[in-house]
Amino acid sequence: GDHMRAQLKKELAEQQLRTFVRWWNSWLAAFGIKVQDLCQDVRPGVIGILLLEALSDSKCGRYNKVPKSKFMQIENHNLFLSALKAKSIRLENIGAEDLVEGNEKLILGLTWTLILRYEIHKFGGNEAAILRWARELSCKHGIEMRGDWGEAFGDGKAFCPILKEALPEALDMDEMLAKAREERLQRVFDLAESELGVPQLLEVADFTPGSKTDDKSVIVYVAKLKQSCDERLEARAAAEVGAAAERAEMLRQREQARAALAEEEKQLLEAISRVKAWADDSDSRFGGAACAADDALGATVDECDRLLRELRAAYRAEAKPAKAQERDALLARAAALTARQLDERSKAERDSSAEGESGSATAKEAAAAEATASAASLAATSLMQAWSSMEAGEYAYERALERRLVQLEQEAARAAPPAPSSSR
C-alpha cells in the first residue's frame, strides 16, 4: 500500500512537472527560450526573472544574464525573490540556495504560486469558481461532470462546452461528443491552441482511464481556457455594443437626411405650385380670350395688333422665358430629389431584408421614402402637364388674334372709300 501510494505520488509529480514545463515555455517563447529540464534550467536564475517580467509586465532590475559563478546565480535568485516579495507574493521556505540547487518540490511549489497569482487570482477567480463555471457550461449542454478536476475532464467531454462558448460557429457539439475519447481530447487541445491561442499544456496521455490525473495540471489548463473564453465573450459583447451604436448612429443620420429631404421637398413643392399656378392662370386667360367674342380680341386693327405684339414681345420674349428657366430648374431639382429619395428607400429595404423581423423600422422608412419620391415626381409631372396645356392655349390665342387681325383688316379695306380715278 505504501509503495503504491509513493508510486502514484511520483507519477503525479512527474505529470505536474511536464505540465509546468509547458507552462514556463508558453511564457518564455517570447524570449526565444525553451526549457528542457526545469530544475536544471532554473539554477542560473535567468529564466525565473524573465518569467516574472513577462507575467507582471514589469522589469525586475539589472541581473547577471550569463552568471559565471554560484555567487552570481544566487544574486539573480535574490533579485527574483525580492521582486516577488515586492509584488506581495508570499513564498514559504524558499531561498536562493534552494533554487540554485534545483529543488524540484520547491520549484513546483513556486510555479503553482505564480500560476495562482497570474493565471487565476489576477482574473478575479479561484479554483472552486473555475470548476463551478465549467460545471454550469456542461449542464447547459446536458453533460454530466463527475468528480473533481482529473476525473471530471478525463473523457474530454467537459472541455467541449467551454470551446462551444468561445467558438459557437467553429464547434459541432454532436460531432465532438461522438468522437472516441482520445480523438476528442486531441481535437480539444488542437482547437484551443489554433483558435484560442491556448498552449497545449496537457496531452492525451495525461488522462489515462483508471489512473489519477494531476489536478493542478488540469486547473491551470482550464484557467487558460476560461481566460480566452472570457476575452472572446467580452470582445463579442463589445462588438455587439459597437454594432448597436453604429446602427443607432446610422439611423440618426438617416433620420436627419430624411428630414432634410422632407424639408427640401416641401420647399420644392411650394415652388412648383407657384409656377404651376402661373401656368394655370395663363392657360385660363388664353383659353378664355381665344373662345371669347371677337370684340374681346380687339375692336380695331390697332387694338388687335397691340394684343398680338404684347403676346409675342412682352409675354413670349420676356415673361415666359423667365418662367421656363424657373420651370427647368425646378424639374432638375425634382429629378435629383427623387433619385436621392429612391436611394434612401433602397437602403432602407436592404437593411430591412438583412434584419428580417427586426427591420420593421427600416420597412417604414422605405414606405415613407416611396411616398415622398412619388410626391416629388407627381408634382413635376403635373407642372409639365400644366405647361403643355398653357402652351396649347397660348397658340390657340395667337391663332385667334391672327384670324381676328385678318378679319379687321379686311373689314377696314371694305369700309375705305374708293380711290379717286385719275383723269387723262
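Scroll up to find the structure.
Being a predicted model, the structure only gives us computed values, none of them experimental.

Conventions and cut-offs
Residues numbered from 1 in each chain as written. Predicted model: local features only at pLDDT ≥ 70, side-chain atom pairs only at ≥ 80, totals over all residues. Heavy atoms only, no water. Helix = DSSP H or I, 4+ residues; strand = E, 2+ residues; numbered from the N terminus. Rg over C-alpha atoms; globule rule 2.2 N^0.38 Å. Contact = heavy atoms within 4.5 Å. Areas by Shrake-Rupley, 256 points an atom, 1.4 Å probe, with all protein chains shown as cover. Lys, Arg positive; Asp, Glu negative; His and termini not counted. Charge placed at Lys NZ, Arg CZ, Asp CG, Glu CD. Salt bridge = Lys/Arg side-chain N within 4 Å of Asp/Glu carboxyl O. Buried < 20%, exposed > 50% of the residue type's maximum accessible area, 1.4 Å probe, protein only. Core = buried A, V, L, I, M, F, W, Y, C linked by side-chain atoms within 4.5 Å. Polar contact = N/O pair within 3.5 Å; in protein donor to acceptor, adjacent residues only side chain to side chain.

J.: Whenever I open this one, the overall build of the protein confuses me. Can you help?
T.: The helix and strand inventory of the protein stands at 14 helices and zero strands. The helix and strand sequence of the protein, counted from the amino end, reads α-α-α-α-α-α-α-α-α-α-α-α-α-α. Taking 22 Å as the expected radius of gyration for a compact globule of 424 residues, we find that the protein reaches 46 Å, considerably beyond that expectation. Taken over the C-alpha atoms alone, the protein extends approximately 170 × 50 × 35 Å along its principal axes. Nonlocal contacts in the protein, meaning residues at least 24 apart in sequence, comprise 68% of its contacts between residues at least 6 apart. For the protein, the exposed area adds up to about 23300 Å²; of that, 52% sits on carbon and sulfur atoms. Averaging the locations of the 60 positively and 71 negatively charged side chains of the protein gives two centres separated by 3 Å.

J.: What am I meant to see in the pattern of salt bridges here?
T.: It is possible for side chains of opposite charge to pair when their charged atoms get near one another. All told, the structure shown has 32 salt bridges when counted by the stated rule. Linking R316 and E394 is a salt bridge whose minimum nitrogen-to-oxygen distance equals 2.7 Å. Of this pair, R316 sits in helix α13 (residues 301–355) while E394 sits in helix α14 (residues 360–415), and the two are 78 residues apart along the sequence. Taking relative accessible area as the criterion, E394 reaches 0% and is therefore assigned buried. For the salt bridge of E391 with K320, the shortest nitrogen-to-oxygen distance reads 2.9 Å. You can see E391 sitting in helix α14 and its partner K320 sitting in helix α13, a full 71 residues away along the chain. Taking the relative accessible area as the measure of exposure, K320 reaches 9% and is therefore buried. Overlapping salt bridges bring together R312, R316, K320, E391, E394, E398 and E402 as one network.

J.: Teacher, can you tell me more about the nonpolar core here?
T.: Side chains of a nonpolar character, in soluble globular proteins, are inclined to be buried together. Ranked by size, the top nonpolar core spans 76 residues in total, and within it W23, L114, F153, F159, F189, Y221 and V222 carry the most contacts. Counting residues per element, this core draws most heavily on helix α6 (residues 104–120), at ten residues. Sequence-distant contacts of F159, defined by excluding residues within four places in its chain, comprise F153, L185, V188, F189, L202, F207, Y221, V222 and L225.

J.: Just to check I follow, could you spell out the environment of E144 for this structure?
T.: Looking at where E144 falls in the secondary structure, it is placed in the loop between α7 (127–140) and α8 (149–152). Classification of E144 as exposed rests on a relative accessible area of 60%. Between the C-alpha atom of E144 and that of K157, which follows or precedes it by 13 residues, the distance is 8.8 Å. At a separation of 3.3 Å, a polar atom in the side chain of E144 contacts the side chain of R146.

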